[in-house]
Amino acid sequence: MTRVLLSSLLVLALAGCASAPPAPAGPALPLWAGLAPGQYPVGFISSTLPSAPHPLQVSVWYPSGTDGSPLRNRDYLLLNLTENGEHPTKEDADKSLDDAEAFLTKNGISASSAEALFNAPMYAHAGAHVAAGKFPLVFVVQGNAQSASGQAVLSEFLASHGYVVATIPSITRMTGAMKTEADIMPKAVAEMDDIDRAIKSLAQWADVDEKIPVTLIAHSFGARGALLYAMHHPPVNAIVSLEGGIGMSVGQKLMVDSKSLDLTAAMPPVLHFYELNDDSGVPDFRLLKSLKTPDLQLVRMNSMHHVHFSGDGFASVMLPEMAVATKAGPDLKHEVQSVAKQTLAYIAKWVAHRKKS
C-alpha cells in the first residue's frame, strides 16, 4: 500500500533490501536494552508540513509488513538535517555525524563506541507497507531541543505492540532556544499549536483508530505543551510524562500564573516518571496534584538521571562508557526497560477503558 503523507515531500530515502524482515530483539538490537518487540514489524516514514508558521517535520512509526529498507540509528540522527524540508548533501551528513562523534569523544566515549552507536541496527523499516487493521494513535512530544531520534527506540517498541506513533521536533529547534524562564509559556503554547497541526495532519491515515483519542507521551519541556494540548483539545486518552517539566519546580509558578493554563478542565489519566539524582530537576508535584484527572501515578526511578528518559538512556545501557559519563546507577537497564513497559501498559489500560465505555 502506498501512502501519501501530509501532502508533502518524503524526506527519508534509504537504500536497502526491499524484502528484508525486521531485525530480532536481543543482541541483534543492542540499542533496545533487551526489550522484546510486539507482534508487529514496524514501518517508518517522515515528511515535512510546509505551512506557516514554520515547516514541521512529522515522523511516524506504524505496524507494518516485512518490506521496506532497514534503518540504523544514524538514519534517525540525520533526520535533524531535513527538519526544514531540505535535502542535505553527503558532506552535510558526514559533518553532522562527525560533530556528534566529537561531542561524544569529548565526554569520554571512544570513537569506536560512537561508531557502534551510530551504526546500531533499529527495528523499523523505512517505507514498509501498512499492516491491516486500526491502531490507536500515540503522539510523542520531544524534550528541549530534541527531535525524532530522542525517542526512536520507545516509538519503535510501542509501534511493534500495535500503535501508530508520531512525533515532531521540539519547538526550540523550530523557533530558537529559550533565553530566560519568561520564554517557557510562550514556547509551550507554540508547541501546543505544533502538536495540533501535526495531529490534524494525521487524520488521513486510514489505519489510525479514530474512535480512540490520542495518547500523549512527553519528555522534559515537551510535557508543558502536551498538558496544554490536553486542556484545550479534549479528549485525550492519557498523558505519560517522562520526567516532564509539569512535575518540576522550574517554571511551575509561570505555568500556574499563565492564562493558558486551565485548572478547571477535565484532564486524562496521567503517569509521571521522575528521579531525585539531578539537582537541576527538583520535583514539584503541586501542579500535577491540582489537575482534574481520574488517575495520577507518580513513579520514581532510582538509577536514572534526567537524560536517561530519552534515547540516551538506551544508549547508556548499550555503551558502558556512556553510562559512566551520564552517571547512571547500577539498575539502569532494568529501569529503562521498566519505563518502556510501564508506558505500554498504561496506554493499553486506558485504551481498553475507552473501548469499554
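Scroll up a little and you will see the structure.
My aim in this report is to walk through the structure given alongside it, one point at a time.

## A short note on the packing of helix α4 (residues 152–160) against helix α12 (residues 332–356)
Right, so step 1: One can describe the packing of α4 onto α12 by two numbers: an axis separation of 11 Å at closest approach and a directional angle of 45 degrees. With respect to α12, the axis of α4 lies oblique. Relative to α12, the crossing made by α4 is right-handed. Contact residues: α4 offers L154, F157 and L158, while α12 offers A340, K341, L344 and I347.
Right, so step 2: Among the residues making up the contact of α4 with α12, the classes are represented as six nonpolar, no polar and one charged.

## Quick look at the packing of aromatic side chains
Right, so step 1: Per the counting criterion, the structure on display carries nine aromatic pairs.
Right, so step 2: Where F44 meets Y76, the ring centres are 5.2 Å apart and the plane angle is 85 degrees; that geometry is what we call edge-to-face. Residue F44 is located in strand β1 (residues 42–49), and its partner Y76 is located in helix α1 (residues 73–77); the two are separated by 32 residues in the primary sequence. Both residues of the pair, F44 and Y76, count as buried.
Right, so step 3: Both rings, one in W61 and one in Y76, keep their centres 5.8 Å apart while their planes meet at 50 degrees; by these two values the pair is tilted. Of this pair, W61 sits in strand β2 (residues 56–63) while Y76 sits in helix α1, placing them 15 residues apart in sequence.

## Describing empty space enclosed by the protein
The gaps left among the atoms become clear once a water-sized probe is rolled over them.
Right, so step 1: Considering all chains together, one arrives at one cavity of 30 Å³ or more under this definition.
Right, so step 2: There is about 80 Å³ of room inside the largest cavity.
Right, so step 3: Lining the largest cavity are Q151, L154, L242, M304, H308, F309, S310, F314, V336, V339 and A340.
Right, so step 4: Considering each element in turn, the lining of the largest cavity owes the most residues, three residues, to α12.
Right, so step 5: The residue makeup of the lining of the largest cavity, split by class, is eight nonpolar, three polar and no charged.

## Observations regarding unusual backbone geometry
Right, so step 1: Between A52 and P53 the backbone carries a cis peptide bond, its omega angle lying at 10 degrees.
Right, so step 2: A cis geometry characterises the amide bond from P234 onward to P235, with omega recorded as 0 degrees.
Right, so step 3: Its location among the elements puts P235 in the loop between α7 (222–232) and β8 (238–242).
Right, so step 4: Phi is positive for E243, which is not a glycine, with a value near 45 degrees.
Right, so step 5: Relative to the helices and strands, E243 is located in the loop between β8 and α8 (252–257).

## Details of α4
Right, so step 1: Within α4, nine of the nine residues are buried, leaving the element largely enclosed by the surrounding structure.
Right, so step 2: Turning to α4, its buried residues are A152, V153, L154, S155, E156, F157, L158, A159 and S160.
Right, so step 3: Count one or two residues on from α4 and you reach G162, which has phi positive near 100 degrees.

Calculation criteria
- Residues numbered from 1 in each chain as written.
- Predicted model: local features only at pLDDT ≥ 70, side-chain atom pairs only at ≥ 80, totals over all residues.
- Heavy atoms only, no water.
- Axes fitted to C-alpha atoms, helices over the stretch in contact; angles between N-to-C directions.
- Helix = DSSP H or I, 4+ residues; strand = E, 2+ residues; numbered from the N terminus.
- Parallel < 35°, antiparallel > 145°, perpendicular 65-115°, else oblique.
- Left-handed = near helix turned anticlockwise from the far one by under 90°.
- Contact = heavy atoms within 4.5 Å.
- Nonpolar A, V, L, I, M, F, W, Y, C, P; charged D, E, K, R; others polar.
- Phe/Tyr/Trp six-rings, centres within 6.5 Å; stacked < 30°, edge-to-face > 60°.
- Buried < 20%, exposed > 50% of the residue type's maximum accessible area, 1.4 Å probe, protein only.
- 1 Å grid on protein atoms, 1.4 Å probe; cavity = no way out; pocket = protein on both sides within 12 Å on 5 of 7 lines; lining within 4 Å.
- Points joined across faces, edges and corners; volume = space filled by probe spheres on them.

Geometric values such as these leave the question of function open.
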